[in-house]
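The chain contents come next:
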Amino acid sequence: MHTTGGYRPVPLRFISSTVAFDVEFVRGPRKWVGNKLRYISMPVRVAVVDFDEDGDARVCFHTYIKPSDEITSYITNITGLDDVDDDLLENSPEVDEVAYHLHRIFSRRKVIVMNGFKDFDLFQLDIEDYDVVDISHFIHDPQGRPISLERLVSYFYEKSAH
């Protein structure tokens, strides 16, 4: 399995039956979408975490993704990412290679996501092919708004999600 950032993936046979999945996006240049000029959003990092019998989490897959265009902002206040080494990103796998690995990991496992339908579409994975739970439908703050994954992790683990 190809990964970047000095991370060694966990062999498939050692990944538990439940995993959580998250993708970080950065802002690219402005492009015309229909009749509106908008910033494009590009995936730049993906991580999959699994849980042991005691509920302890570990990263079982992590990689940066080669951007499809110039990065104009890391949107650090949302992603927690700061300037990532250009060489690291340039030598990272492209979206289709990452999609292949995600499919192998997600098969026969429950996948927990936060607003993950867009993430599945990005990797051309049909959400109907997997056992997916999108927790954004169940977890809300006192005002009824969905809670971000970062706030959720911070609440349960009392540390930053990044």
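Let me sum up the structure you'll find in this document. Quick caveat, the model's predicted, so the values are computed rather than measured. Each chain has its residues counted from 1, following the order in which its sequence is written. Two thresholds apply to this predicted model, a pLDDT of at least 70 for residue-level local features and 80 or more for giving and counting side-chain atom pairs, whereas whole-chain, interface and lining totals are computed over all residues. Neither water nor hydrogens contribute to the side-chain values; these are computed over all heavy atoms in the structure.

## A word on the overall build of the chain
The condition that has to hold: Numbering of helices and strands runs from the N terminus, with a helix taken as a DSSP run of H or I at least four residues long and a strand as a DSSP run of E at least two residues long. Burial classification: accessible surface area is computed with a 1.4 Å probe over protein chains only, and a residue below 20% of its type maximum counts as buried, one above 50% as exposed, and the rest as partly exposed. Here, two residues are considered to be in contact whenever any of their heavy atoms come within 4.5 Å of each other. Surface accessibility follows the Shrake-Rupley procedure with a 1.4 Å probe radius. Residue values consider only the protein chains on display as shielding.
The number of helices and strands found in the chain is five helices and five strands. Reading the chain from its N end, one meets helices and strands in the order β-β-β-α-α-α-β-α-β-α. Looking at the chain residue by residue over its 162 residues, the buried ones come to 37%. Sequence separation of at least 24 residues holds for 57% of the intrachain contacts in the chain that already meet a minimum separation of 6. Only carbon and sulfur atoms are counted for the fraction: they give 48% of the accessible area of the chain, which is about 10,000 Å².

## Things to note about the packing of aromatic side chains
To be explicit about the condition: In this analysis, rings of Phe, Tyr and Trp, with Trp reduced to its six-membered ring, are considered paired at centre separations within 6.5 Å, and the interplanar angle assigns stacked below 30 degrees, edge-to-face beyond 60, and tilted for intermediate values.
Enumeration according to the criterion identifies six aromatic pairs in this entry. The interplanar angle of 75° and the centroid separation of 5.0 Å between the aromatic rings of F21 and F106 together place this pair among those described as edge-to-face. Of this pair, F21 sits in strand β1 (residues 18-33) while F106 is found in helix α3 (residues 95-106), placing the two residues 85 residues apart along the sequence. For F106, a relative accessible area of 0% corresponds to the buried category. A centroid spacing of 5.9 Å and a plane angle of 50° characterise the contact between F120 and Y130, whose relative ring orientation is tilted.

## Digging into the sheet that holds β1
Applied cut-off: Strands are labelled as partners when DSSP assigns at least two bridges between them. Note on method: axes are straight lines fitted to C-alpha atoms, helices fitted across the in-contact stretch only, with angles between N-to-C directions ranging 0 to 180 degrees.
The sheet built from five strands is open, its strands ordered β3-β2-β1-β4-β5 with mixed pairing. With partners counted over all chains shown, the strands left at the sheet margins are β3 (57-64) and β5 (131-134), one partner each. Across this sheet, the average inter-strand angle for adjacent strands is 30°, counted without regard to direction. Here β1 runs beside strand β2 (residues 36-51); their pairing, made up of 13 bridges, is antiparallel. For D22, the partnering residue across the bridge sits in β2 and is A47. Each of β1, β2, β3 and β4 (110-113) is contacted by α3, which is oriented at about 35° to β2, the strand it contacts most.

## Structural notes on a negative patch on the surface
Condition: Patches in this entry comprise residues that are over 30% relatively accessible and not in a salt bridge; like charges within 9 Å are linked, as are nonpolar side chains (Val, Leu, Ile, Met, Phe, Trp, Tyr) within 5 Å. A side-chain nitrogen of Lys or Arg and a carboxyl oxygen of Asp or Glu constitute a salt bridge if their distance falls within 4 Å. Charged residues are defined narrowly, with Lys and Arg counted positive, Asp and Glu counted negative, and His plus the chain ends left uncounted. A charge is said to be at NZ when it belongs to Lys, at CZ for Arg, at CG for Asp and at CD for Glu.
Taken together, the side chains of D82, D83, D85, D86 and D87 present a region of like negative charge at the surface. By the secondary structure assignment, D82 is in the loop between α1 (76-79) and α2 (86-90). According to the relative accessible area criterion, D82 is exposed, its value standing at 55%.

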